[in-house]
Amino acid sequence: MVTASPRIRGALRIAVAAVVVAMVIVLVQSLRRDGPAALAAWRAAHVRWSWVAASIACALAGHGAFVFGWRRLLMDAGVPAPLWQLLRIFLVSNLGRYLPGGKAWQMAIVGAMAAERQLPAGMVAASSLLQGVVGVVVGLVVLFVAGGAAVGVRTVWLVLPIAAVAGLLAGPAILRSLPRVNAPIARRVPGIASVTAATMWTLTWTSAASWIMWGIALWALATALLSEASAPVTAYVAAWAGS
């Protein structure tokens, strides 16, 4: 395991502080823009706190499912990252999505927090990006299944994301069958050769579980705040995945 020098750790702390300041600025701007309308809606709502608690529980379950898959991927790559650390990194890095150029901020936060915890920053960030790609593909399947009719997508188009998921599952075997392709990738991404089809399947079902649980969390929140949340749960799952 590589230990970061004091100078690197100091630079990382400065970078993290800069990210925090940027997030606070964006949050203040958002509150100034949207705060009055949100506050008025909150005052007019009859809040059912039990449903708010259910929404939070479902959101945390979706969060945990996604991190479970991420940890499995890192374990395959020889990075024994503690689950609690990954939960924290994933939660904090997701805040970077709300900044301009959100994905870049998210990856920077992942790398900075990983290095701060003596984890290989490049591998942790790369694995997070790979899981994000898997999540997008799986999210398309969830969107088509849960709300394809609502968004006007024909069932036949479901073949594309399903084929992509099948390609992901077969990816490790395909990569190992092509030595000329596998060798340069393995040099640039150490540990990728140890990723198995079982791990890709874990990434697939944990991503699906995460989309579904977050959609249910949105439905529970709507039930908590609105007098009538008449749309079915599947519509909220599709709305969350689609957004």
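As the structure is a computational prediction, the values presented were derived from the model and not from experiment.

Overview of the overall build of the chain
Phase 1: A tally of regular secondary structure across the chain gives nine helices and zero strands.
Phase 2: Seen in sequence order, the chain has helices and strands lined up from the N terminus as α-α-α-α-α-α-α-α-α.
Phase 3: Within the span of the chain, comprising 243 residues, buried residues form 36% of the whole.
Phase 4: Of the roughly 13900 Å² of accessible surface on the chain, 72% is carried by carbon and sulfur atoms.

Digging into the pattern of salt bridges
Close approach of charged atoms lets side chains of opposite charge pair.
Phase 1: A complete count under the given rule lists two salt bridges for this structure.
Phase 2: Between arginine 33 and aspartate 34 there is a salt bridge, with the nearest N and O atoms lying 3.0 Å from each other.
Phase 3: The class of arginine 33 is exposed, set by a relative accessible area of 59%.
Phase 4: For aspartate 34, a relative accessible area of 39% translates into the label partly exposed.
Phase 5: The salt bridge involving arginine 72 is made with aspartate 76; its shortest N-O contact spans 4.0 Å. Of this pair, arginine 72 and aspartate 76 are both found in helix α2 (residues 49-76), four residues apart, which corresponds to roughly one turn of the helix.

What about the nonpolar core?
Phase 1: Counting 22 residues, the largest nonpolar core has Trp70, Leu74, Val110 and Val124 as its most contacted members.
Phase 2: Those elements that place two or more of their residues in this core are α1 (6-44), α2, α3 (83-94), α4 (102-116) and α5 (121-147).
Phase 3: Sorting elements by how many residues they give to this core places α4 first, with five residues.
Phase 4: Within the second largest apolar cluster, 17 residues are counted, among which are Val137, Val165, Val195 and Ala208.

As for the side chain of glutamine 131
Phase 1: By the secondary structure assignment, glutamine 131 is in helix α5.
Phase 2: The contact partners of glutamine 131, leaving out residues within four places of it in the chain, are Phe66, Gly69, Trp70 and Leu203.

Concerning α3
Phase 1: With 12 residues, α3 should cover 16 Å at 1.5 Å per step; its first-to-last C-alpha distance of 17 Å lies within 8% of that length.
Phase 2: Every buried residue of α3 is listed here: Leu86, Leu87, Ile89, Phe90, Ser93 and Asn94. Projected down its long axis, α3 shows its buried positions confined to an angular sector of 165°, all on one face. Of the residues in α3, the exposed ones pointing more than 90 degrees away from the buried face are Trp84 and Leu91.

Some details on the packing of aromatic side chains
We describe a pair of aromatic rings using the distance from one ring centre to the other and the angle between the two ring planes.
Phase 1: Following the criterion strictly, the structure yields four aromatic pairs and no others.
Phase 2: Look at phenylalanine 66 and phenylalanine 90: their rings are 5.1 Å apart centre to centre, the planes differ by 25°, and that puts the pair in the stacked class. With phenylalanine 66 in helix α2 and phenylalanine 90 in helix α3, the pair connects residues that are 24 residues apart, well separated along the chain. Residues phenylalanine 66 and phenylalanine 90 agree in their burial class; the two are buried.
Phase 3: Considering the side-chain rings of phenylalanine 68 and tryptophan 205, the 6.0 Å spacing of their centres and the 45° angle between planes classify their relative orientation as tilted. Residue phenylalanine 68 is found in helix α2, and its partner tryptophan 205 is found in helix α8 (residues 197-225); the two are separated by 137 residues along the sequence.
Phase 4: Residue phenylalanine 68 is classed as partly exposed on the basis of its relative accessible area of 46%.

Definitions and limits used
Residues numbered from 1 in each chain as written. Predicted model: local features only at pLDDT ≥ 70, side-chain atom pairs only at ≥ 80, totals over all residues. Heavy atoms only, no water. Helix = DSSP H or I, 4+ residues; strand = E, 2+ residues; numbered from the N terminus. Buried < 20%, exposed > 50% of the residue type's maximum accessible area, 1.4 Å probe, protein only. Areas by Shrake-Rupley, 256 points an atom, 1.4 Å probe, with all protein chains shown as cover. Salt bridge = Lys/Arg side-chain N within 4 Å of Asp/Glu carboxyl O. Core = buried A, V, L, I, M, F, W, Y, C linked by side-chain atoms within 4.5 Å. Contact = heavy atoms within 4.5 Å. Expected span 1.5 Å × (residues − 1). Arc of directions from axis to C-beta. Phe/Tyr/Trp six-rings, centres within 6.5 Å; stacked < 30°, edge-to-face > 60°.

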